[in-house]
Every structure is written in C-alpha cells, then in structure tokens.
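Topology and contacts: notes
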Amino acid sequence: MKNSNQLKQEILKLAEEYYKVKLDEDRRVSTSQKVNYAGRVYDEKEILNLINAGLEFWLTAGRYTKEFEERLAQFLGIKYCHTCNSGSSANLLAFTALTSPLLGDRSILPGDEVITVAAGFPTTVAPIIQYGAIPVFVDITIPQYNIDGNQVETAITDKTKAIMIAHTLGNPFDLSELKSLCDKHNLWLIEDNCDALGSKYYIDGKWRYTGTIGDIGTSSFYPPHHMTMGEGGAVYTDNPLLAKVVLSLRDWGRDCSCPSGVDNKCGNRFKGQYGELPYGYDHKYVYSHFGYNLKITDLQAAIGCAQLEKLEGFIQARIKNWNYIKKELKELEDVLVLPEPNENSQPSWFGFLIGIKEEASFGRDEIVKYLEECNIQTRMLFAGNLIMHPCFDKMRKEQKGYRQIGSLANTNYAMKNSFWIGVYPGMTQEMLDYMIECIRNFVKSHK
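This text gives an overview of the structure that appears in the document. Small disclaimer: the values here were computed from a predicted structure and weren't measured.

**Quick notes on the packing of aromatic side chains**
- A full pass over the atoms with the stated rule returns 16 aromatic pairs.
- For the pair Trp-322 and Trp-349, a centre-to-centre distance of 4.0 Å together with 0° between the ring planes defines the contact as stacked. Here the residue Trp-322 occupies a position in helix H10 (residues 311-329), and Trp-349 occupies one in the loop between strand E11 (345-346) and strand E12 (351-356), the gap between them amounting to 27 residues.
- Residue classification places Trp-349 among the buried residues on the basis of a relative accessible area of 4%.
- Above the plane of the ring of Tyr-64 lies Arg-63, whose end atom (NZ or CZ) is 4.2 Å from the centre.
- Between Arg-106 and the ring centre of Trp-188, over which it is positioned, the NZ or CZ distance is 3.7 Å.

Rendered as structure tokens:
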C-alpha cells in the first residue's frame, strides 16, 4: 500500500503532465486575435505549489505566507512585510496605521488633511475619506501623469499630516522632492506601489525600489499586476512601530503578534496588565486597535512564492515592451502625447498611456472605439478625475469633505483625452506589432 508521500508525488507528477497537455491543447485551438491589456503569466510551478498547499490543508496564512513575506522583503531590501487580501486592503492598512494612538502627536486624526491626486485609483483615496480625514487634491504633470510637485507645498497647511499617492502606471513620482517636503514639514509619505512593483528611483546616491523610500508602501497581486496570487496585497516598511501597527490592524486589532496556530511566543501570554482588563488576561484576546481580518490564505501565498521566482523576468519584459511601443509610435507625436518616465527613475511599467493632442482631428473616444473593435483592450487612467464620480456627488454639492488646489486642468485633460494599452509579459511580438499597426492605421486615416 502506498504511503501519503508516494501518493502526493504521483498527484504532483500528474498535475505537471496536465499543465503541459492543457497548454499544448490551448495553443492548438486558439484562434483569437484579442490583445488583452493584462493577464496571468504562470507555468506548472504555480499549480504544483497550489496543490501542495491544498494537500497540506492549512488554508489560512501559514508557512507559504511566511516564506512569501520574507522573500518579498528581501527582494525589496526592506525590513518588514505583511501580506493581506488585496492591494486595496493594503492601502487601508497603510493609511489606518498612521491613525494609531501609538504614534502620539503624529497620529492622523479626523479632520486632518492628506495630500493626494484625483487622477488615480479610488482605493488610494477611500481610506482617507472613510476615516474622516480630508483629501487635498493636487494636479498632475503631463506626460509623466504624476503629482505636480510645484503645487504640493502650496497645498500644505497646519492640518496636513501626510501625502498618499501612487506611482502612476509604474512611473515613479518625484520621490526626491516629495521626501524632502515630507521631512521639512514632518509629514508621512505613503507610496501606493500597486502598479509599480520593481520600479526603481535614484535617491541618496543609490537606486532603490519604489515603495521603500517613503514611510510605508503597498502592493497588489490582483491578476493584471506585476505578479499575482489571484487576490492579495502587501504592506511594507522599515519602521518597526508601523510594522507592529499594520500587523495588529490586519489581525483583528489584537495586541498579540503570535502567528495563527502559535501560542505564547513571547512567554508572557498570561502575565500582562492591559487597559482595565483583569491582570493576566489572555494576551491572544487583547485588542489595542479597532482592526480587521485581512489575511491571505496559504493557497494564495503558495502561488505568490512561485511568481516571485519570475518577477525579475516580468519586470524586464514590461520594460522591453514599453520601450518598443514608444519607439514605434514616435512618428505619431504630432497628434499623440506619448508618456515619459520621470527623471532619476527606472520604471517597471504597468501600461502604456497615450494622450490625444487638442489639434488632432479625432478624439480619445473615437480611437478607443476603433481599437476595441480590433479586439485590442484599452483602459482609462482609472478614475480620470475622482471628484467627478457619483461617490463624490454629495461632497461636491455641499463643497466640503475635500479640498482641491487650482482647476486640476491636467487631471481633466487626462480624463477626457487619454487611454492606455498593455505591456504585460504575456504579450508576444505579434501582439505588440498588431497594436502598433492598428494605432498607425487609425491615425493615418484621420490625417
């Protein structure tokens, strides 16, 4: 009779064979010319890790989660990394950590202001509003599509506590300028790094990964992003106090840091005095924050561990694809605004953003409709201008709950005149050439 390990090896071998057969079948039957803006890129290693984790049946965060957190921290060159169930949850944890009373006078309170941009993804801003702080919207620059540093100091008041912004489509914002302003005014800097995993910025005489230069950074592992575990996210920092608060908030708000299934790691489980609880109350059930349960499962982390092995290759493929599109579309700059990387940066691109110049004989909606009819997926610059969305209707009518600096002219331009196409690692040369050909054909037919 076979033992469990022998059966496990047979299962894994069959799974590996299944992957190779299914891949071959999919290649033979595929006739689709559709070019997606993003997609999963994986092989048998992700499947084998997933089955391994399933057979262990730990399910909640466990050994794969620990391995993933340690390896991602090592990749980024940062001390602390905590996973969670999405990039949106990562932003929630990163912001909420800065409201902890453990931070003393630097704690963000309801009514305090946080500088951000309206040209981005809503969950960069949602935690600010949900907590009762005030987002202050600053315009962006074009063609970098990142926060306009010249407006930031104008936006700072005695109520300002933090700056929370994303690196747009992988393009790092001006970290030197923003970090300098935060140091000058004693502000927190939150880097939403969900679209920029692997991007680098030159600061203090060396190249560093984005997400590690501010006080706290976040990542998303949703399928379109630089690597995936289906759903998932991470929060990382070099600050031990912030790391402690993030862990507490992620794990129900508890004071104890013992991992799931581990008891009395500190040796003081029944010895402490906490608040007005009876002395010696079980530390596993002491709560120092109003928290959540935002952990990932070990099934997700197992996939993430396999994806981490491919991350460097993913980054290089994104850079190569972006550079190729930029080179091939350069001849159309009389009517198209092509994106530019920020100075002192090496972006790990999430997408290729295209703007339509005012003097063009066509608009954004026309070329997007044409590309979609050609089976080429397009996407907007996320919210475009978040303030214009229904979720802001009441605040906009009452003219309270947020501030904006100036007219946000560039933000509105991006909302009305820009779109982006994919550069993800699954794109073949044929797909890239097809996208470029379709864009050329449309532009030339409208001259």
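**Focus: the packing of helix H11 (residues 364-373) against helix H14 (residues 429-445)**
- In the contact formed by H11 and H14, the axes pass within 10 Å of each other and the chain directions differ by 135°. With respect to each other, H11 and H14 are oriented oblique. Crossing geometry of H11 relative to H14 is assigned as right-handed. Seen from H11, the contacting residues are Glu-366, Ile-367, Tyr-370 and Leu-371; seen from H14, they are Cys-438, Ile-439, Asn-441 and Phe-442.
- Classifying every residue of the contact of H11 with H14 by side-chain character gives 6 nonpolar, 1 polar and 1 charged.

**Structural notes on the pairing of strand E4 (residues 160-166)**
- Counting buried positions over the 7 residues of E4 gives 6, a clear majority of the element.
- Two strands pair when backbone bridges link them, and strand E2 (residues 113-117) and E4 are joined in this way by 3 bridges, in the parallel orientation. In the sheet register, Val-114 faces E4, and the bridge partner there is Ala-162.
- Once you follow E4 into helix H7 (residues 175-185) and on to strand E5 (residues 188-192), the crossover reads as right-handed.

**A short note on the sheet that holds strand E8 (residues 216-220)**
- Judged by pairing direction, the sheet is mixed, and its 8 strands sit side by side in the order E1-E9-E8-E5-E4-E2-E3-E13 without closing on themselves. With partners counted over all chains shown, the strands left at the sheet margins are strand E1 (80-84) and strand E13 (403-404), one partner each.
- Relative to the sheet, H7 contacts E4 and E5, its axis offset from that of E5 by approximately 150°.

**Examining the nonpolar core**
- Ranked by internal contacts, the top residues of the largest apolar core, which has 34 residues, are Ile-115, Tyr-145, Ile-147, Val-152 and Ile-163.
- Of all the elements in the fold, those that place two or more residues in this core are E2, strand E3 (134-138), helix H6 (149-155), E4, H7, strand E6 (200-203) and helix H13 (409-417).
- Per element, the largest residue contribution to this core is 4 residues, and it comes from H7.
- The residues contacting Val-152, other than those within four sequence positions of it, are Ile-115, Val-138, Ile-147, Ile-163, Leu-178 and Leu-181.
- Membership of the second largest hydrophobic core comes to 33 residues, among which are Val-35, Ala-360, Cys-374 and Leu-432.

**Considering unusual backbone geometry**
- Along the chain, Ile-142 connects to Pro-143 via a cis peptide bond; the corresponding omega equals 20°.
- Here Pro-143 lies in the loop between E3 and H6.
- Phi angles above zero are rare outside glycine, and Leu-59 is one such case at about 75°.
- Position of Leu-59 among the secondary structure elements: in the loop between helix H2 (44-56) and helix H3 (63-76).
- Its relative accessible area of 34% is what places Leu-59 among the partly exposed residues.
- You will see that Asp-204, though not glycine, has its phi angle at about 55°, which is positive.
- As for its placement among the helices and strands, Asp-204 is situated in the loop between E6 and strand E7 (206-209).

Cut-offs applied
Residues numbered from 1 in each chain as written. Predicted model: local features only at pLDDT ≥ 70, side-chain atom pairs only at ≥ 80, totals over all residues. Heavy atoms only, no water. Phe/Tyr/Trp six-rings, centres within 6.5 Å; stacked < 30°, edge-to-face > 60°. Helix = DSSP H or I, 4+ residues; strand = E, 2+ residues; numbered from the N terminus. Buried < 20%, exposed > 50% of the residue type's maximum accessible area, 1.4 Å probe, protein only. Lys NZ or Arg CZ within 6 Å of the ring centre and 35° of its normal. Axes fitted to C-alpha atoms, helices over the stretch in contact; angles between N-to-C directions. Parallel < 35°, antiparallel > 145°, perpendicular 65-115°, else oblique. Left-handed = near helix turned anticlockwise from the far one by under 90°. Contact = heavy atoms within 4.5 Å. Nonpolar A, V, L, I, M, F, W, Y, C, P; charged D, E, K, R; others polar. Pairing = 2+ DSSP bridges. Right-handed = clockwise from strand over helix to strand, strands pointing away. Core = buried A, V, L, I, M, F, W, Y, C linked by side-chain atoms within 4.5 Å.

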